[in-house]
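Residue strings, one per chain:
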Amino acid sequence: MQSKLWLIWLCLGLQLSGTAPVAASEIYPPSEPAYTQSLNGNWSFKYLPTLDAGADAGFTSPAVDVAHWGTIAVPANWELQGHAEPSYADTLKDGLGLYRRSFSVPAHWKDRRTFLRFDGVAFGYEVWVNGKQAGASSASAFNRHTFDVTDLLQDGANVLAVRVTTKPLGYEFDLNDDWSLSGIYRDVTLLSLPALHVQDIDSTTTVRSDGSAALALTVQLSQPAGEVRAQLFDPSGKRVADALLAPSAQHRTATLKLELAQPRLWTAETPSLYRLVLQVSQHGKTMHTVEQRIGLRQVSVDGKRLLVNGKPIKLRGVNHHDLDPVTGRAVTEAQIRQDLALMKKGNVNYVRTAHYPPHPRLLELCDELGFYVMDEVAIGHGEKHLDDPAYRDNILARARATVARDKHHASVIIWSIGNENPISEVEFEAGRLVKQLDPTRPITYPKIGSYFAKNYERIPPFVDLYSPHYPSNATLAGYADKLTRPTILTEYAHALGLATDRMQDQWAMLQANPVFAGGSLWHFHDQGLLRRSQTPVDPSKPTQLVWRDAYQYYDTNGLDGSDGLVYADRTPQVDFWQMRKVYAPVQFLERSAPVQTGRQKLAVRLENRYDFRSLAGVTLHWVLEHNGKAVQQGKTALSAPAHQRQTVNIAVDIPAQRTAYADVLALRLSAVDRDGLQINERTLRLLRPGAAGFDWTPALPVQATPVVHDTDEKIEVRLAQWNLTVQRSSGALDIRDRNGRVLVAGIHPHSGRRLTMAEALGAAKSGVWQASVLDQITSPVITAVSNANGVRVSVRGAYKLPQAAQASAGKSATAAPDDLIPTGDGKPAATHVQGLSGGYQLDINRQGAITVSYDYRPLGAGVVAEAGLSLVAPAGMEEFRWIGQGPYAGYPGKDQLNDFGLHHLNRADLHFQGNRRGTALAVLTDGGGAGMALATLPADVAVERHGSATLLSHNALIGGLGNKGTQPETIVELDPQRQISGTFTLLPVTMDGHGRWPAALVGWFGQPTPACDVYQPFFHSYDQ
C-alpha cells in the first residue's frame, strides 16, 4: 500500500430496536441499476386554473377514466407545455396540475421495500398509489421527498396520481427573483431496498498540518442486524481500505475512522474523489450495496479567514439558477454541463445556488469538475411568514431536507440560510438546526447591504460568515478593517444589461484583504424564457429584450431577468469576458514595456492566484507582432507556487523602424493549462524610445493651400481631395470628397451616450443627460481665417439640451433590492440644465489634416455619462478600425477585459458600440475605405449608432456604467466651472488619384475591405 493507512474502530452503537417508519430524507438509494426505475416520461395530465379540483377531485381513484385527458412530459413545467402563462416571482397564479400514470414493480423487488422519490415539484403536492394516499410534500419545491409505498402496491399495474398545487403553505419562499414555474420538473424515481439497508452516511474529514488526514464515517442501518463491509478506493481506483463491521444485536449505527498518511485532498483546483463502497450482509448474503464518491477535504474558519484544508481560499463566484429558456426549470445534464463549462472558461471556481438547492446533478458535477458551492436553504423571500408560528415546521423541514440530500458533496463548503431576510428567531433556529445536522461546514445569512451595515453586530457568534450584498466601493473598503469574521459578497456588481460597474475594483479589494473570502456576481445568466410575439420587432428601435428573429424573443419579464453575464441562451456578454479577466488565476502585471531595435530579453511578470496549485503544467505562449503580423513566437513552462509571482525572460528580436510613421509593436501573451484551456491573456504594447504615436499626418504630401469661400450663407474650405462647408445660420457642417460624397456629416458637442438599461432605470434620480449630441446652436459665431499654415475655422455658440433629453421619471421595472447610491447630495437634480456653451476650432493645413480643438462649459448643473466632441459619419460608414484597447467597449472600472492592439469591427457587430480606452487612432469608413480618421494622444474614443448615422466621439470626460439600482462609482458631475475640452487630429480619408488608401493605414490595417467576421448572434438585442 503506497500510503500508510490504519483502520480504527471507535464505536459501534445501537440506538433503536425494531423497524420504524423511515423518514423521507434518510433513504440512501441503491447503487444497483436493477433496483431503480425511472418514472419520467409522458403522464396523463389535466390543468385547472384554480386551487379547487371540484368535480375532478376523484381523479386519484384508479376507477376514474382519464383517457380523455391530454399528456405532459415529466419532468417539465406545465407553463412551458402550453398550460397557463408563465409567472415571475410573486405574480404566481392559482393553479392545479392533476397527474396520472401507471407502473409495474419488477418481480425481483418482492419482499423488499419500495420507495417513490420526487426530486422537485413546484410548488406542493399530494401523492396517491392505487387510490390510497402515500403522503404529501413538506419541504419546498426544490427539496427531495421520498415516500415508502410498499404497503400500497398491488400485483400488476399500479396507478400513481399526483395533485400539484401552486400555493401550498410556504410557497412564497420559492418565488425569489426568478420565473415561478409549476409542475413536476425534476426526476421521479422508484427505488427498491431490502428491509435491511444503509439508511444514511455521515462523513467528516480532518486534515492535519503534516498533510495526513482522518476520515470518520458514521453508517446508519435500517435494522439492528447484519454486518457492513466498507471499502475505500483512491482516485486511481486502488483500494486503500477494506474492513468488516459486525454490529451486535442491539445497534444499528456504526462509526469508523480511516487514517491516511498521504491522501489526495479535494479542492476546486484538485478535485480528487475517492469511492466508498458499503455492502450490507445478513447471514452471509449481500442485501444492499451503496457507493458514494467522497472528497477528502476540511472546511474551517480561523479568525477572519475561511480555510479549506487549512489554507485560505478566494471564491471567484457567480449566482446561478436552474433555468433554461426552452425547458425552464427542467434542466438536463447537458444544460448543466454547458453552464459549468462556461464557468470554467470564465475562471469561476465557486457557485452560489441562489436561492434554493439545485438539481442534484449540478452538485455531482461540481464535485467532479472542481467548483466550490454555497448551497442555499430555500427560505429567502416570504418575510411576512418568518414570525408566524404556523410556518416554523415548514422552514425547518426545508433546512433538514437540504442538508440530508447534499451533505455528501465535497463541493458544498457553505450552507446559506435563506436570502436577504430580516433577522428573526426562526431564521436562527434553522441555522442552528443546520449546524446540528452538519457541524463540518460554516453557515451564513446573506443580507441586503444597507440592512447588514446597520445590523451585522446582531448576528450571533454561531454564524460563521458574514454575507453583505452590493456594498459601494467605499463601504467595502471600510469592511476590510471593520469586520471580524470571514466575509463573502454573496451578491455583488448586480448586472442589468451590460452594467457591471463594480466588478473590477471590488474584486481587487476582495483579492487583497484576508477577511474577504470572495464573492458571487449577480447573475450568471439572463433569466429569460423563449417566447413568440404576435408582431415583429423593429430592429431600428431600442429594445429591452433579446430577439432570436423578428418574432421570437427571450422574455425576461421586463428588466427583472436581464441581469446575466451571459444571455439567456448562454451566449457570453461583454461582462462575461470582463469577469474572465478579473477572475483569472494567472495575472499579467504589466500592460507595456520599453524596447530597443534588435535582440533583447523582455521581462514578463505574472502572478499565480491559485490557492493550492503551482503553475506547473501551465504554459506561457508568446507571439511578437509587428503591425498585426506575427514575426516571432515561442512558449515556455511556468512554475510559480500558489500565491507567488514569477518573472519570465523572453528573447525577442525587435525589427527596425521602416516607415516615417510609428509602427505597432506588441507582445501577445497567453497562459494555457495542460488541458488546452486558455486561462488568461495580455498583449503588451512595446514602446520604442521617443515613439511619436500613430499620427501619420506629418508624412502626408503637401497639397495646394486651402481656399476659403466666405458668403452670408456659408463658409467653404476647398482642398484638392475634399471640401468643408459650414452653414452660418445653423452651424451645420459637412465634409465631402471631390465627387461630392459625404465623409463627415456634422461636428457637435458630445453630451452623453445611449444609456444602459441600468442608467435609464435611475435617470430621474441621477439627473443624467439623455442626449448623445447637441446639434441645435443658438446665436452661432462662425469665422474662417486664412494664415500661413492654412485655414482656421471656428464655430461657437450655445447649445440647448432638448427637453425630452433631460432626466425623466423611470418607467421600467422596479429596481432590485440593491443599495441606491445617490448622486451629489443624494437628491434628484433640481436644476434644469440648459446645455453647453463654447465651441470648436478647426486648423486645416496644406496636407489636408485638421487639428480639432474644443472647449465647452455647462450652462448649469447636471450629470453626463460622457462628454466631448462628436463627428457624425453618414449611413454606409460601417467599418471601425482602431489602435488601442479592444475589442470590447471599456469604461472606468470596466477596462481590464481589453488588450492593446489593432482592431476592426463592423457596425452590425454585437460588440461595435461603446467607448474604447487608450485609443490613439480611430478610423471610420465605408467598405471601400472612404470616411474619416481620428488621431490623438491615447484617449477615450467612442462609437455609437445614431439612427442610420454613426457617431465617432472624442471623450474629454467619461463616467462608469453603474449597476442595477445604483449609480456609477465614477460620476461626471457638471457645473458652470467644469471644462469639457480636448484636441485631436481629423483626417478625411479617401483614395488618392491612383486609387490608393493612405500608406500608413494599409501598413497597419491592410487594404480597406469589410470586416469578414461579424458577430451577430441575435436579430436584435438590448444594449446593442
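Located above this text is the structure these notes cover.
Just so we're clear, the structure is a prediction, and the values are computed from it rather than from any experiment.

Trainee: What's the story with the overall build of the chain in this structure? I'm lost.
Mentor: Of regular secondary structure, the chain possesses 11 helices and 63 strands. Taking 2.2 N^0.38 as the reference for a compact globule, 1024 residues should give roughly 31 Å; the C-alpha atoms of the chain span a radius of gyration of 33 Å, in line with that estimate. Its C-alpha atoms give the chain principal-axis dimensions of about 110 × 70 × 55 Å. Intrachain contacts of the chain at a sequence separation of at least 6 include 74% that bridge at least 24 residues. Surface accessibility of the chain: about 38,000 Å² in total, with carbon and sulfur atoms responsible for 49%. The distance from the centre of the 98 positive side-chain charges to the centre of the 101 negative ones in the chain is 5 Å.

Trainee: How should I be thinking about the pattern of salt bridges in this particular structure?
Mentor: Side-chain pairing between opposite charges can occur once the charged atoms of the two side chains come close. Here the structure, examined in full by the defined rule, presents 57 salt bridges. The salt bridge involving R329 is made with D178; its shortest N-O contact spans 2.9 Å. Here R329, found in the loop between strand 26 (315-319) and helix 1 (333-345), pairs with D178, found in the loop between strand 12 (157-165) and strand 13 (179-180); they are 151 residues apart in sequence, far enough to count as distant. Of the two residues, R329 and D178, neither departs from the other in class, the shared state being buried. Between D406 and R405 there is a salt bridge; the shortest N-O distance is 2.5 Å.

Trainee: What should I look at first to understand the nonpolar core in this one?
Mentor: Most often, soluble globular proteins keep nonpolar side chains buried together rather than apart. The biggest cluster of nonpolar side chains holds 64 residues, and the ones touching the most others in it are I417, Y492 and M579. Counting residues per element, this core draws most heavily on helix 8 (residues 574-583), which supplies six residues. Ignoring sequence-local partners within four residues, the contact set of M579 consists of V318, G346, V348, M503, L521 and L565. Counting 54 residues, the second largest nonpolar core, distinct from the first, contains V726, Y854, L924 and M932.

Trainee: Could you clarify how one ought to interpret the packing of helix 1 against helix 2 (residues 360-369) in this entry?
Mentor: For any two helices packed against each other, the geometry is given by the interaxial angle and the distance between the axes. Across the interface, helix 1 lies against helix 2 with an axial gap of 10 Å and an inter-helix angle of 40 degrees. The orientation of helix 1 relative to helix 2 falls into the category oblique. In this structure, the crossing between helix 1 and helix 2 has a hand that is right-handed. Contacts between helix 1 and helix 2 involve E333, I336, R337, L340 and K344 from the former and R361, L362, L365, C366, E368 and L369 from the latter.

Trainee: Can you walk me through the sheet that holds strand 38 (residues 598-608) in this structure?
Mentor: Pairing between sheet strands relies on hydrogen bonds along the backbone, with the strands arranged either parallel or antiparallel. Reading across from one edge, 36-38-41 is the order of the three strands in this open sheet, with antiparallel pairing throughout. Here the strands that pair on one side only, and so sit at the sheet edges, are strand 36 (586-588) and strand 41 (645-654). With direction set aside, neighbouring strand axes in the sheet form an average angle of 35 degrees. Pairing geometry for strand 36 and strand 38, over three bridges, is antiparallel. In the sheet register, F588 faces strand 38, and the bridge partner there is L606.

Trainee: Sorry if this is basic, but what is going on with helix 8 here?
Mentor: Every α-helical turn comprises 3.6 residues, leaving residues that sit three or four positions apart pointing alike. Burial of helix 8 is extensive: 10 of the 10 residues sit out of reach of the surface. When helix 8 is considered as a whole, its buried residues turn out to be V574, D575, F576, W577, Q578, M579, R580, K581, V582 and Y583.

Trainee: What am I meant to see in the sheet that holds strand 29 (residues 412-417) here?
Mentor: Taken together, the seven strands give an open sheet; going across it, the order is 30-29-28-27-26-32-31, and neighbouring strands pair in parallel fashion. Two strands lie at the open edges of the sheet, namely strand 30 (443-444) and strand 31 (487-492), each paired on one side alone. With three bridges connecting them, strand 27 (residues 350-352) and strand 28 (residues 372-377) associate as parallel partners. From the neighbouring strand, Y350 faces strand 28, where its bridge partner is Y372. Helix 7 (residues 503-512) contacts strand 26, strand 31 and strand 32 (516-521) of the sheet and is inclined by roughly 155 degrees relative to strand 32.

Trainee: Is there a simple way to explain the packing of helix 7 against helix 8 in this structure?
Mentor: At a minimum axis separation of 10 Å, helix 7 and helix 8 run at an interaxial angle of 20 degrees. Judged by the inter-axis angle, helix 7 sits roughly parallel to helix 8. Both helix 7 and helix 8 take part in a crossing whose hand is right-handed. Facing helix 7, whose interface residues are M503, Q504 and W507, helix 8 presents D575, Q578, M579, V582 and Y583. Partitioning the contact of helix 7 with helix 8 into residue classes produces five nonpolar, two polar and one charged.

Trainee: How should I be thinking about unusual backbone geometry in this particular structure?
Mentor: Comment: phi is negative for the bulk of residues other than glycine, and the bulk of peptide bonds are trans. Of note, the bond from A354 into H355 is cis; its omega dihedral lies within 30 degrees of zero at -5 degrees. Looking at where H355 falls in the secondary structure, it is placed in the loop between strand 27 and helix 2. Of note, the amide linkage connecting G886 to P887 takes the cis form, showing an omega dihedral of 10 degrees. Inspection of the secondary structure puts P887 in the loop between strand 56 (879-886) and strand 57 (899-906). Its identity is not glycine, yet D177 carries a phi of approximately 55 degrees, on the positive side. The exposure class assigned to D177 is partly exposed, which follows from its relative accessible area of 24%.

Trainee: Help me understand the packing of aromatic side chains in this model?
Mentor: What the rule picks out here adds up to 32 aromatic pairs. Pairing F452 with Y456 gives two aromatic rings, centres 5.3 Å apart and planes at 25 degrees, and the pair type is stacked. Residue F452 shares its accessibility class with Y456, and that shared class is buried. Pairwise contacts between aromatic rings join W43, F45, Y47, W78 and Y99 into one cluster. We note R275 situated over the ring of F233; from NZ or CZ to the ring centre the distance is 4.4 Å.

Trainee: What's the story with the environment of V574 in this structure? I'm lost.
Mentor: Among the secondary structure elements, V574 is positioned in helix 8. Among the residues examined, V574 registers a relative accessible area of 10% and is labelled buried. Considered as a pair, V574 and S236 are 338 residues apart in the sequence and their alpha carbons are 40 Å apart. Here V574 is in contact with Y888, K894, L897 and H911, once residues within four sequence places are set aside.

About the cut-offs
Residues numbered from 1 in each chain as written. Predicted model: local features only at pLDDT ≥ 70, side-chain atom pairs only at ≥ 80, totals over all residues. Heavy atoms only, no water. Helix = DSSP H or I, 4+ residues; strand = E, 2+ residues; numbered from the N terminus. Rg over C-alpha atoms; globule rule 2.2 N^0.38 Å. Contact = heavy atoms within 4.5 Å. Areas by Shrake-Rupley, 256 points an atom, 1.4 Å probe, with all protein chains shown as cover. Lys, Arg positive; Asp, Glu negative; His and termini not counted. Charge placed at Lys NZ, Arg CZ, Asp CG, Glu CD. Salt bridge = Lys/Arg side-chain N within 4 Å of Asp/Glu carboxyl O. Buried < 20%, exposed > 50% of the residue type's maximum accessible area, 1.4 Å probe, protein only. Core = buried A, V, L, I, M, F, W, Y, C linked by side-chain atoms within 4.5 Å. Axes fitted to C-alpha atoms, helices over the stretch in contact; angles between N-to-C directions. Parallel < 35°, antiparallel > 145°, perpendicular 65-115°, else oblique. Left-handed = near helix turned anticlockwise from the far one by under 90°. Pairing = 2+ DSSP bridges. Nonpolar A, V, L, I, M, F, W, Y, C, P; charged D, E, K, R; others polar. Phe/Tyr/Trp six-rings, centres within 6.5 Å; stacked < 30°, edge-to-face > 60°. Lys NZ or Arg CZ within 6 Å of the ring centre and 35° of its normal.

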